[in-house]
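Listed here are the chains, written in short residue letters.
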Amino acid sequence: MQYGTLRVQTPDGQVREYPIDMANVVIGRAEGNGVVIDHVSVSRRHAQLRLDGSKVTIEDLGSANGTFVGSHQLEPSSHVTVAEGQPIRFGDVEARFFIPIEAGGSGGVALGGAGAFTASSDAQATFSVSLASPNGPVAAGSTTTATVVVQNRGATLDQFTLSVLDLPAGWVRLSRQQLSLVPAARDEVTIAIQPPRTSEAVAGEYAFSVQVISRDNGREVRVLGKLTVLPFDGVAMAVEPRGSGAFWAVVSNTGNAPASYTLSASDDKETLDFGFEQDAVELAPGDRQTVGLRVTPKKKSLFGNVETRPFRVQARPRGAGTQQAAAEGQIHIRPPLRYWKWVAAAVLLIAVVGLGAWAATKIDFGGGGSTPADATAVPSPTASVGVETPTPMPSVLARGTTAVVVNSAQPNDCLNVRIEPKLSAASVAKLCDGDKVRVVSDRVEADGFYWWSVEKDANTRGWSAERRIDGSGVVFLQLAP
């Protein structure tokens with residue numbers, strides 16, 4: 001049964017209407033009261049409202065800041081009759097009680113619904129609005145509904161315009177945005193609310209309002225509601241290279257609630273060691289964080305070919321979340337002396353050829369220096385069959401060595417220093433003949449060239465080409481003497 005409505009206005013101007021559907025209602029700040037007024041001047045159990053037919057009485061329950069009817073303060077445990085619309089005060093909070101329209105004999109239907117709110121403090125308002133908020137929390141991506149009821153309390157036909165404030169426009173759909181009501185008529189509008197399943201729909205409670213404006217007099221009423229969005233988990237993982245054995249582990253929280261993750265890495269053959277700058281991250285919804293990662297082989301070899309080994313990085317939730325993510329990466333292992341076997345082979349070949357030439361000049365044929373008629377001629381080393389000038393071997397540059405720039409004459413043909421090891425990358429500086437640089441990376445093969453990351457000074461650092469991979473063309477970087 002609808003007994004009436006208690007309209008409450010707090011000192012900050014907020015107004016709320018409480019439908020009264022019980023004959024005895026306790027008013028106070030504590031949860032569980034029939035009317036809960038969250039204000040510091042209101043006691044936990046402040047007063048009691050009693051309704052007996054058309055008679056309304058109020059009783060002070062021993063409040064700290066008093067209960068007032070008009071300007072009269074009630075004695076504790078005393079009952080005072082209250083007329084419809086008469087000012088009541090609980091501490092610093094103003095209130096008025098109104099009887100439903102059908103109870104007052106004016107016709108029409110009474111407003112109902114728990115938790116109805118209004119922003120109108122005018123006791124003679126020509127229309128009233130109530131809102132039934134969603135019954136429970138909603139999962140992101142799902143739809144819930146609220147219902148707003150408008151009643152024309154005026155004496156003429158009026159048209160009302162409705163809009164929802166304080167929620168993103170994309171979340172809300174109204175079944176109707178305008179209502180036309182004759183005097184004493186009421187109608188309701190359904191509000192469909194669908195928060196998206198993205199990190200933008202942050203889990204938690206949202207306060208929103210429905211604005212209703214009268215075309216007849218321009219008066220505006222706002223009713224307040226609440227929406228609760230449930231949390232969901234989401235995480236994304238990526239691995240980005242940033243140098244020899246160095247990587248970025250990139251973790252993104254794609255859920256709608258704060259989350260923390262533990263980072264780990266592994267390889268199937270268990271031949272790699274992993275070191276994170278930090279092994280855990282905490283992220284707000286939609287945030288991402290990059291964490292440095294160093295990957296090294298457990299067993300290091302000075303010789304051998306370049307080897308590629310895959311690995312996996314994982315982000316696991318530290319709390320109650322269930323979502324986890326993984327990303328694949330790979331490391332190129334380059335033994336520092338992988339080219340020395342070619343240098344050693346070249347040196348050995350030169351030594352053999354030189355020794356053969358020296359031996360040929362020392363053969364003694366006897367006979368006072370004349371060659372016997374039957375002596376077999378020894379061919380000159382310069383005419384030896386099958387002995388050729390050695391082919392130039394691969395570069396002996398390596399990380400930590402010093403290189404000198406050659407074949408890069410000023411001013412137009414100086415060697416480019418680029419931001420990446422490729423010809424299309426932007427040039428950040430130039431190096432000319434005689435410039436000496438420090439090699440700070442292993443060699444990279446790209447765009448048909450051998451590339452090295454070099455450093456001349458704090459302002460000159462990047463990638464420069466040593467020479468073509470196929471051996472054609474000129475050399476731009478060589479080991480400094």
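From a predicted model like this one, the values you see are computed outputs, not experimental measurements. (Residues numbered from 1 in each chain as written. Predicted model: local features only at pLDDT ≥ 70, side-chain atom pairs only at ≥ 80, totals over all residues. Heavy atoms only, no water.)

Asker: I keep staring at the nonpolar core and nothing clicks. Help me out?
Answerer: Side chains that are nonpolar tend, in soluble globular proteins, to be buried together. Among the nonpolar cores identified, the biggest contains 29 residues, and Val148, Val150, Leu167, Val210 and Leu227 are the most heavily contacted of them. Those elements giving two or more residues to this core turn out to be β12 (127-132), β14 (144-152), β15 (158-165), β17 (178-181), β18 (186-193), β19 (204-214) and β20 (220-230). Among residues more than four places away in sequence, those in contact with Leu227 are Pro134, Val138, Thr144, Leu167, Trp171, Ile193, Gly204, Glu205, Tyr206 and Phe208. With 22 residues, the next largest nonpolar core counts Tyr18, Ile37, Val42 and Val82 among its residues. (Core = buried A, V, L, I, M, F, W, Y, C linked by side-chain atoms within 4.5 Å. Buried < 20%, exposed > 50% of the residue type's maximum accessible area, 1.4 Å probe, protein only. Helix = DSSP H or I, 4+ residues; strand = E, 2+ residues; numbered from the N terminus. Contact = heavy atoms within 4.5 Å.)

Asker: How do you make sense of the side chain of Thr57 when you look at a structure like this?
Answerer: With respect to the helices, strands and loops of the structure, Thr57 is situated in strand β6 (residues 55-60). On the basis of relative accessibility, which here comes to 12%, the residue Thr57 falls in the buried class. When residues no more than four places from it in sequence are discounted, the contact partners of Thr57 are Gln48, Leu49, Arg50, His79, Val80, Thr81 and Val82.

Asker: Looking at this structure, how should I read the sheet that holds β14?
Answerer: Within a sheet, neighbouring strands are paired by backbone hydrogen bonds and run either parallel or antiparallel to one another. On the basis of which strands lie adjacent, the open sheet formed by 4 strands has the order β12-β14-β18-β16 and antiparallel pairing. Lying at the two open borders of the sheet, with one neighbouring strand each, are β12 and β16 (172-174). Here the average twist between neighbouring strands, direction ignored, is 20°. Taken together, the 8 bridges between β14 and β18 define a ladder with antiparallel strand orientation. Within β18, the residue paired with Ala146 across the bridge is Ile191. (Pairing = 2+ DSSP bridges. Axes fitted to C-alpha atoms, helices over the stretch in contact; angles between N-to-C directions.)

Asker: Please explain the packing of aromatic side chains as it appears in this structure.
Answerer: Remark: the centre distance and the inter-plane angle together describe each pair of aromatic rings, the angle taken between the planes. The final tally for this structure, using the stated rule, is 5 aromatic pairs. Plain terms: the ring middles of Phe274 and Phe311 are 5.7 Å apart, the flat faces sit at 55° to each other, and that makes the pair tilted. Placement of the pair is Phe274 in strand β24 (residues 272-276) and Phe311 in strand β27 (residues 307-317), with a sequence separation of 37 residues. The partly exposed category is assigned to Phe274, whose relative accessible area is 24%. An aromatic cluster is built from Phe247, Phe274 and Phe311, whose rings are joined through pairwise contacts. Seen from the ring of Phe68, Arg89 lies directly overhead, with NZ or CZ sitting 3.9 Å from the centre. Note that Arg197 overlies the ring of Phe232, its terminal NZ or CZ placed 4.2 Å from the centroid. (Phe/Tyr/Trp six-rings, centres within 6.5 Å; stacked < 30°, edge-to-face > 60°. Lys NZ or Arg CZ within 6 Å of the ring centre and 35° of its normal.)

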